[in-house]
Amino acid sequence: MTKNNIYLASKPRYEILDGLRGVAAMLVVAYHLFETYYGGKPDQPINHGYLAVDFFFVLSGFVIGYAYDDRWRPSPNPSHEGRGANSFTLWAFFKRRLIRLHPMVIFGTLFGALMFYFGSCGEFPLINQTPWYMVLLVMFWCFTMIPLPNTMDIRGWAETNPLNGPTWSLQWEYIANILYALVIRRLSKVALGICVALFAVLTIILCLNIDITGFLEKRSWASYTVVGGWSTTPDQLQVGLTRLLYPFFCGLLISRVGKLIKVKAGFWWCSLMIIVLFCMPWMGLGTEGEARWTNGLYEAVCILVCFPLIVAMGAGSSVKGGKSEAINRFLGEISYPLYITHYPLIYMQMSWADSHKDAPLGTHIFVAVCIFVLAILVAYGAYKLYDLPVREWLKHKLFQSAAK
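No experiment lies behind these values; they were computed from the predicted model shown.

Points about the overall build of the protein chain
A tally of helices and strands in the protein chain yields twelve helices and zero strands. In sequence order, the secondary structure elements of the protein chain are arranged as α-α-α-α-α-α-α-α-α-α-α-α. Relative to the 2.2 N^0.38 estimate, which gives 22 Å for 404 residues, the radius of gyration of the protein chain is 21 Å and therefore close to what a compact globule would have. Across the 404 residues that make up the protein chain, the buried fraction comes to 52%. Partitioning the intrachain contacts of the protein chain with sequence separation of at least 6 by distance along the chain shows that 77% fall at a separation of at least 24. Summed over its atoms, the accessible surface of the protein chain is roughly 18100 Å², and 68% of this surface lies on carbon and sulfur atoms. Within the protein chain, the 24 negative side-chain charges are centred at a point lying 15 Å from the centre of the 33 positive side-chain charges.

Shown next, in the form of structure tokens:
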């Protein structure tokens with residue numbers, strides 16, 4: 001039996017990168033909780049929380065390169081698991097990624113379906129018009145990760161997954177994984193560097209709202225920001241693709257070049273940098289509170305320079321023992337489950353806030369804090385009780401049984 005059929009053991013993890021993913025995920029939850037009240041206004045306390053998606057893509061590119069780059073190539077020492085001749089196939093890669101990502105995609109979508117009618121409010125005009133069987137149809141469609149057509153929207157926001165909005169970024173993640181396996185892994189460092197430079201130009205074009213395609217005029221509400229990517233309209237597709245390409249390719253290049261930065265207390269410094277970058281107010285405002293070109297420049301610097309720097313620092317530093325290691329482990333465990341399960345609770349919060357506009361400020365704060373804590377509990381429970389056992393079962397079914 002060849003090694004192709006054996007589930008290759010995971011490599012040692014970069015604990016700090018896991019922890020930073022968790023920090024960013026928590027900030028995303030807080031950003032969405034604030035968004036219920038601030039919408040797209042520039043005084044939102046976590047004003048640039050949406051940049052977490054771009055940071056996640058840099059992390060993803062780095063981790064994919066580290067985990068898989070050398071498993072495609074023969075090694076002079078076949079005794080190293082996963083590095084022998086023909087040790088890793090295309091199908092094995094896709095199975096590993098599906099095992100890692102897809103169980104929580106299904107859980108998040110199912111959770112969104114169960115919570116769907118609790119989100120009914122003026123913000124979502126289609127909910128009360130949607131019969132239960134349509135919710136089920138959309139749920140099973142979204143299990144596949146195929147973007148939902150706008151004609152099947154059941155919420156009113158034209159999301160590719162109206163049951164669990166943040167899934168849109170996972171759809172782009174899937175595209176990145178497919179491109180990596182089919183094409184990107186074969187690129188040399190020089191070719192990869194050229195791609196990074198070209199995609200940096202695309203990022204600048206988006207951030208500075210240079211409308212060379214004619215699509216960006218449709219998102220004037222988000223000018224000079226990278227907000228978007230969750231729909232299949234031409235402007236949203238341009239935004240989503242742009243947000244994916246530079247960060248993912250750059251993260252992959254960092255992993256291949258291997259020039260990491262060692263920093264004492266790296267996790268804490270990197271976490272502070274993420275918090276500051278996400279909480280910075282918009283850089284320059286127009287007469288009606290809209291972002292200006294200075295804000296686009298700020299976001300370009302975050303994506304092109306700051307996020308790669310943070311990943312290089314996080315990967316180059318380490319934590320050993322004590323509370324820091326435990327915190328990183330916990331944050332790493334809940335990071336993906338938290339990101340992919342929290343938004344159905346945000347829909348519910350939006351509905352509650354809409355129907356309790358006259359409630360005291362303290363009540364609104366209490367509800368928001370409770371939802372934040374509940375989101376963490378749901379994520380941790382989903383990780384321990386669902387994600388881990390399902391992934392172990394899938395590993396056995398898709399790999400170990402094939403090796404017998």
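Digging into the nonpolar core
L20, F55, F56, Y180, F249, F278 and F307 are the most contacted members of the largest nonpolar core, which totals 120 residues. For L20, the contacting residues outside a window of four places in its chain are F55, F267, C270, S271, I274, I310 and G314.

Digging into the packing of aromatic side chains
Two measures describe an aromatic ring pair: the distance that separates the ring centres and the angle between the ring planes. Under the definition given, this model contains 25 aromatic pairs. The interplanar angle of 65° and the centroid separation of 6.2 Å between the aromatic rings of F34 and Y38 together place this pair among those described as edge-to-face. Here the residue F34 and the residue Y38 both occupy positions in helix α1 (residues 15–38), the gap between them amounting to four residues, near one helical turn. Classification of F34 by relative accessible area gives partly exposed; the value is 32%. Arranged with centres 5.6 Å apart and planes meeting at 45°, the rings of F93 and Y180 form a pair that is tilted. Taken as a pair, F93 in helix α3 (residues 90–115) and Y180 in helix α5 (residues 167–182) lie far apart in primary sequence, 87 residues in all. The same class applies to F93 and to Y180, which are both buried. Members of the aromatic cluster, each reached through a chain of ring pairs, are Y68, W72, F93, F94 and Y180. For the cation-ring pair, R155 lies above F124, with the distance from its terminal atom to the ring centre recorded as 4.8 Å. Cation over ring: R185 sits above W72, and NZ or CZ is 3.9 Å from the ring centre.

What about helix α4 (residues 132–143)?
Residues separated by three or four positions in an α-helix point in the same direction, a consequence of the helix having 3.6 residues per turn. An ideal rise of 1.5 Å per residue puts 16 Å on twelve residues; α4 measures up with 17 Å between its terminal C-alpha atoms. For α4, every residue scored as buried is listed here: V135, V138, M139, C142 and F143. The buried residues of α4 occupy an angular sector of 140° when the element is viewed end-on, so they sit on one face. Along α4, the residues that are exposed and aim more than 90 degrees away from the buried face are Y133 and F140.

Examining the side chain of R243
Among the secondary structure elements, R243 is positioned in helix α7 (residues 234–257). Within the local environment of R243, its side chain forms a polar contact with the backbone oxygen of V226, the two atoms lying 3.0 Å apart. Sequence-distant contacts of R243, that is, excluding residues within four places in its chain, are made with Y50, L51, V53, D54, F57, W168, L206, V226, V227 and G228.

Quick word on the packing of α1 against helix α11 (residues 343–355)
In the contact formed by α1 and α11, the axes pass within 9 Å of each other and the chain directions differ by 20°. With respect to their mutual orientation, α1 and α11 come out roughly parallel. For the element pair α1 and α11, the recorded crossing hand is right-handed. Between α1, through V29, H32, L33, E35, T36 and Y37, and α11, the contact on the second element is made entirely by Y343, I346, Q349, M350, W352 and A353.

Regarding the confidence of the model for the protein chain
Across the protein chain, the average pLDDT comes to 90, with 92% of residues at or above 70. Predicted confidence is poor over residues 1–5, with pLDDT under 50, and the contacts of this stretch with residues over four places away or in other chains come to 15 contacts. The low-confidence segment residues 75–86 (pLDDT under 50) makes 19 contacts with residues lying over four places distant or belonging to another chain.

So, the environment of L277
Its location among the elements puts L277 in helix α8 (residues 266–279). Under the relative-accessibility criterion, L277 is labelled buried at 11%. Residues contacting L277, with those up to four places away along its chain left out, are H48, Y298, C302, C306, F307 and I310.

Re a nonpolar patch on the surface
A contiguous nonpolar surface patch, about 560 Å² in accessible area, is contributed by L361, I365, V369, V373, L374 and L377. Take I365: it is sitting in helix α12 (residues 361–400). Look at I365 and you get partly exposed, because its relative accessible area is 47%.

The rules we used
Residues numbered from 1 in each chain as written. Predicted model: local features only at pLDDT ≥ 70, side-chain atom pairs only at ≥ 80, totals over all residues. Heavy atoms only, no water. Helix = DSSP H or I, 4+ residues; strand = E, 2+ residues; numbered from the N terminus. Rg over C-alpha atoms; globule rule 2.2 N^0.38 Å. Buried < 20%, exposed > 50% of the residue type's maximum accessible area, 1.4 Å probe, protein only. Contact = heavy atoms within 4.5 Å. Areas by Shrake-Rupley, 256 points an atom, 1.4 Å probe, with all protein chains shown as cover. Lys, Arg positive; Asp, Glu negative; His and termini not counted. Charge placed at Lys NZ, Arg CZ, Asp CG, Glu CD. Core = buried A, V, L, I, M, F, W, Y, C linked by side-chain atoms within 4.5 Å. Phe/Tyr/Trp six-rings, centres within 6.5 Å; stacked < 30°, edge-to-face > 60°. Lys NZ or Arg CZ within 6 Å of the ring centre and 35° of its normal. Expected span 1.5 Å × (residues − 1). Arc of directions from axis to C-beta. Polar contact = N/O pair within 3.5 Å; in protein donor to acceptor, adjacent residues only side chain to side chain. Axes fitted to C-alpha atoms, helices over the stretch in contact; angles between N-to-C directions. Parallel < 35°, antiparallel > 145°, perpendicular 65-115°, else oblique. Left-handed = near helix turned anticlockwise from the far one by under 90°. pLDDT = per-residue confidence, 0-100. Patch = residues over 30% accessible without salt bridge, like charges linked within 9 Å, V, L, I, M, F, W, Y side chains within 5 Å. Salt bridge = Lys/Arg side-chain N within 4 Å of Asp/Glu carboxyl O.

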